[in-house]
Amino acid sequence: MIMENLDWKNLGFAYRELPYRYEAVYKDGAWSKGGLVTESTVTISEASSALHYGQQCFEGMKAYRTKDDHIQLFRPDMNAKRLNLSSGRLLMPAIDEEMFIDAVKQVVLANEAYVGPYGSGATLYIRPFLFGCGPNIGIGPSPEYIFRVFAMPVGAYYAKGLAPSNYLVTYDYDRVAGLGTGKFKVGGNYASSLLPLKEAKEKGFADVVYLDPTTHTKIEEVGAANFFAITKNNEFITPESPSILDSITRKSLMAIAEQRLGLKVLETDIYIDHLDDIVEAGACGTAAVISPIGALQIKDKEHIFYSKEEVGPITKKLYDELVGIQFGDVQPIEENWIVQVK
Ligand SMILES: *Cc1c(COP(=O)(O)O)cnc(C)c1O
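Residues numbered from 1 in each chain as written. Predicted model: local features only at pLDDT ≥ 70, side-chain atom pairs only at ≥ 80, totals over all residues. Heavy atoms only, no water.

J.: Talk me through the overall build of the protein chain; I want residue IDs and the actual numbers.
T.: Scanning the protein chain for helices and strands turns up seven helices and 18 strands. Taken over the C-alpha trace, the protein chain has a radius of gyration of 20 Å; the compact-globule value for 342 residues is 20 Å, and the two agree within 12%. If you line up the protein chain on its principal axes, its C-alpha atoms span 55 × 50 × 35 Å. In the protein chain, the share of contacts with a sequence separation of at least 24, taken over all contacts with a separation of at least 6, comes to 72%. (Helix = DSSP H or I, 4+ residues; strand = E, 2+ residues; numbered from the N terminus. Rg over C-alpha atoms; globule rule 2.2 N^0.38 Å. Contact = heavy atoms within 4.5 Å.)

J.: Help me get a handle on the layout of surface pockets, residues and values and all.
T.: In this structure, the largest pocket spans a volume of roughly 1000 Å³. In this structure, the largest pocket is lined by 40 residues; those nearest its centre are Asp207, Gly223, Ala224, Ala225 and Ala287. Split into classes, the residues belonging to the lining of the largest pocket amount to 22 nonpolar, eleven polar and seven charged. Around the second largest pocket, the lining is made up of 27 residues, and of these Gly121, Ala156, Tyr319, Val323 and Phe327 lie nearest the centre. Counting only elements with at least two residues in the lining of the second largest pocket, the list comes to strand 5 (61–65) and helix 7 (313–326). Among the elements that line the lining of the second largest pocket, the one with the most residues is helix 7, at six residues. (1 Å grid on protein atoms, 1.4 Å probe; cavity = no way out; pocket = protein on both sides within 12 Å on 5 of 7 lines; lining within 4 Å. Points joined across faces, edges and corners; volume = space filled by probe spheres on them. Nonpolar A, V, L, I, M, F, W, Y, C, P; charged D, E, K, R; others polar.)

J.: Lay out the site of the ligand with the relevant residues and their values.
T.: Around the ligand sit 14 residues, and of these Lys185, Tyr190, Ser247, Thr249 and Thr286 come closest. Here the ligand has 380 Å² of accessible area as a free molecule, and 96% of this is covered by the chains. For the ligand, the cavity whose grid points lie within 2 Å of the majority of its atoms is the largest pocket. Elements represented by at least two residues in the shell around the ligand include exactly strand 12 (225–231) and helix 6 (248–259). Among the residues forming the shell around the ligand, the class breakdown is five nonpolar, five polar and four charged. (Near = heavy atom within 4 Å. Areas by Shrake-Rupley, 256 points an atom, 1.4 Å probe, with all protein chains shown as cover. Sits in = over half its atoms within 2 Å of the grid points.)

J.: Lay out empty space enclosed by the protein with the relevant residues and their values.
T.: A water-sized probe, rolled over the atoms, reveals where empty space remains. A full pass over the atoms with the stated rule returns two cavities of 30 Å³ or more. One number sums up the size of the largest cavity: a volume of about 90 Å³. Along its surface, the largest cavity is lined by Met61, Lys62, Tyr64, Phe74, Asn79, Ile248, Thr249, Thr286 and Gln326. The set of elements that each furnish at least two residues to the lining of the largest cavity consists of strand 5 and helix 6. Looking at the lining of the largest cavity, the element that brings in the most residues is strand 5, giving three residues.

J.: Quick rundown of unusual backbone geometry? Include the residues and the values.
T.: Note the cis peptide between Gly134 and Pro135, where omega equals -5 degrees. The backbone of Asn5 shows a phi angle near 60 degrees, a positive value even though the residue is not glycine. Relative to the helices and strands, Asn5 resides in the segment before strand 1 (21–27). For Asn5, a relative accessible area of 80% puts it in the exposed group. Positive phi values are uncommon outside glycine, yet Val289 reaches one of about 70 degrees. Looking at the element boundaries, Val289 is found in strand 16 (residues 289–298). (Buried < 20%, exposed > 50% of the residue type's maximum accessible area, 1.4 Å probe, protein only.)

J.: Which residues make up the domain arrangement of the protein chain, and what values do they have?
T.: When cut into domains, the protein chain gives domain 1 (8–154) and domain 2 (165–326). Computed from C-alpha atoms alone, the centre-to-centre distance between domain 1 and domain 2 is 26 Å. Taken together, the contacts link 19 residues of domain 1 with 17 residues of domain 2. When residues of domain 1 are sorted by the area they lose upon contact with domain 2, Phe58, Phe74 and Arg82 head the list and together hold 34% of the total. Where domain 1 meets domain 2, there are zero salt bridges. Among the secondary structure elements, those contributing two or more residues to the side of domain 1 that touches domain 2 are strand 4 (56–58), strand 5, strand 6 (71–74) and helix 2 (76–89). Per-element accounting of the side of domain 1 that touches domain 2 gives the leading share, six residues, to helix 2. (Domains from an automatic or database assignment. Buried area = accessible area lost by both parts, 1.4 Å probe. Salt bridge = Lys/Arg side-chain N within 4 Å of Asp/Glu carboxyl O.)

J.: Requested: an account of the environment of Ala151, with residues and values cited.
T.: Within the element layout of this structure, Ala151 appears in strand 8 (residues 145–154). Taking C-alpha positions, Ala151 is 20 Å from Ala224, a pair spaced 73 residues apart along the chain.

Here it is in structure tokens:
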């Protein structure tokens, strides 16, 4: 069944309270048997480590409805692994990959009516998250944790087709420290990005581009998305750095670029004052898949990549191929990229 009376084409990206979510509780050194719950609010101790010290991490993923009405996930094992990488860094307990994927599947199935109809571009966005729920006001890991997974229907990011955005290269802010928590999907990285984002928007940009925090000479992240570019030598290049978030979308685009488009794929340094070999550039992540980058504002100079109005042909091919795989219209690179829920 698909929910009627939802404006699938204009959903945007907004929280919507769905009937079911998953919850498991970690106490006395073990996870409870988790399951679906209907309560959308969480009551925790005022002394929770998540509230005071940011002991929290999360994931973002989607469920897709195929042409023949199956519902599927895209590489959920990668989200499970990354959640454990993040939680380990903040001394939070691990979650078995099996438990993680089972939780996600339960939430998708229970809210199945909110997985958008095939062809609308809408998907079910899934938000797994894990946090210390205290009580422990002294600095140290929490004795108790909650793992939750909720979902919400979201529209295609680009309802009218891929369109480029312009970004401001910031010299005023770093996203993270050089050996900080940049690799980990933790809330604190986002809290500190809110002000740079607000200032960039006020100046008419979609978001900021962060440079590497040690030398401020290399492109690192595009807001909360990874950076990639296509060079005039038919290379797909993307930054190599210990402080970027290892995007699953980026990993997948690298495989597609190499195996389907015949591009050479390189993780390398991308210097902000050597952009002349780049013919197309984009930001990538689960929410938008790809946001083509029209221009970068670098101090008082504007650097245009392909065009400020149109998406480049290789970016478009990468997008179509990945979205095709996610919705089941294109053969995945590896069988295990797709996990069927229904
Ligand atoms: C989540 C995230 C991304 C995108 O990762 P995906 O796995 O592709 O969704 C990129 N950068 C940052 C900072 C992120 O938090």
